[in-house]
Amino acid sequence: MTDALLDIASWLLLALGGLAVLIGGIGALRMPDLYTRLHAASVTDSMGAILVIVGVMLQAGLSLATIKLGVILLFLLLSSPTASHALAAAALVAGNKPGINSDGPEGG
Amino acid sequence: MRSERRRVAEPEASQPKAGDRWLRAQLVLALLLIAFWLLWSGQFVPLLLVLGALSSLLVVYIVKRMGYFDTRIHALRYNFRLIGFWLWLLREIVRSSIEVARVVLSMPLRLSTEVVEVPVGDLDAVDQALLGNSITLTPGTLTVDTREDRLVVHALTAAGAQSLRDGEMKRRVIALRRAKAA
């Protein structure tokens, strides 16, 4: 019984995670400039990563694999904003001012 | 025996030798990394043990070059209130993910980007990094630039910009620091 419930919860999380990744991908394609694209991609980075990894953790149950997955999630949640910030800061240094290009045809 | 040791230790404590402390910190870090390597790999083949030891030492060398041991930054000195902060952050991530998803799927694209400056002159370096990273982690807000006294944040929606101006995240980061000092 609890196995079935865990399975259902796990698949629900995995499906929602897949949806978050898909929406992040669609957003990265639809958005007009680099900064707005990064916003869309961060749905994949944050929400997608959390949902997919927690979903897989439920599949793994109480084991070393779950602890490893938890640590992977922690590292992802620390490193992906750092990478996004590095990308945005590099764009700013390169002269791509946020807001100015947002309405133009192609900023990023 | 014990009192003798204390007598010897006291002049050192009044004049802390920075070199010793850094060396100990490096040793602790190296041992911690090796322990993590063993835990993750679970294999005790000589080749992997040597590779683990070498990569741990390489990491210690790299972070030493980055000046990690020169500044007294110990990001791990947060206490259990960090878990409460994470739970709040998780709720924010869910809320703003839905908001950004709505913008992404809006048909024509409804954009109202804004640039907000968050004053952080009253935070120390670790707290600034925590706040900046938390802002970026939350979809719809992105820390673009860090100046000495403020973070320049790009917001996808007016609602996201408004919640930055309200500054609840910053208040929670400051509350963490208070807890840390106590």
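For the structure, see preceding data.
Note that the structure is a prediction, hence the values are computed from the model and not measured.

Caption draft 1: Geometry of the interface of chain A and chain B. Taken together, the contacts link 33 residues of chain A with 33 residues of chain B. Between chain A and chain B, the buried area comes to about 2,600 Å², and carbon and sulfur atoms account for 75% of it. On the chain A side of the interface with chain B, the three residues burying the most area are Arg30, His39 and His85 of chain A, jointly 24% of the side's total. Taken together, chain A and chain B are joined by zero salt bridges. Taken together, the connections running from chain A to chain B amount to seven residue pairs in polar contact (both at pLDDT 80 or more). Elements that contribute at least two residues to the side of chain A that touches chain B include exactly helix H1 (2-30), helix H2 (34-60) and helix H3 (64-93) of chain A. Residue composition of the side of chain A that touches chain B, by class: 20 nonpolar, 11 polar and two charged.

Caption draft 2: Focus on the nonpolar core. Ranked by internal contacts, the top residues of the largest apolar core, which has 40 residues, are Phe85, Leu89, Val118, Leu131, Ile135 and Leu151 of chain B. It is helix H4 (residues 81-104) of chain B that contributes the most residues to this core, nine residues altogether.

Caption draft 3: Main features of the pattern of salt bridges. Residues and elements named next belong to chain B. For the structure on display, the rule yields eight salt bridges over all chains. The partner of Glu92 in a salt bridge is Arg95, and the shortest N-O contact between them spans 2.9 Å. Of this pair, Glu92 and Arg95 are both found in helix H4, three residues apart, which corresponds to roughly one turn of the helix. When its relative accessible area of 13% is taken as the criterion, Glu92 is described as buried. Lys170 is the partner of Asp122 in a salt bridge, and the nearest nitrogen-oxygen pair spans 3.3 Å. In this pair, Asp122 is assigned in the loop between strand E1 (114-119) and helix H5 (125-137) and Lys170 in helix H7 (residues 168-181), connecting sequence segments 48 residues apart. The structure contains a network of salt bridges with shared partners spanning Glu92, Arg95 and Glu99.

Rules used in this analysis
Residues numbered from 1 in each chain as written. Chains lettered and ligands numbered in written order. Predicted model: local features only at pLDDT ≥ 70, side-chain atom pairs only at ≥ 80, totals over all residues. Heavy atoms only, no water. Contact = heavy atoms within 4.5 Å. Buried area = accessible area lost by both parts, 1.4 Å probe. Salt bridge = Lys/Arg side-chain N within 4 Å of Asp/Glu carboxyl O. Polar contact = N/O pair within 3.5 Å; in protein donor to acceptor, adjacent residues only side chain to side chain. Helix = DSSP H or I, 4+ residues; strand = E, 2+ residues; numbered from the N terminus. Nonpolar A, V, L, I, M, F, W, Y, C, P; charged D, E, K, R; others polar. Core = buried A, V, L, I, M, F, W, Y, C linked by side-chain atoms within 4.5 Å. Buried < 20%, exposed > 50% of the residue type's maximum accessible area, 1.4 Å probe, protein only.

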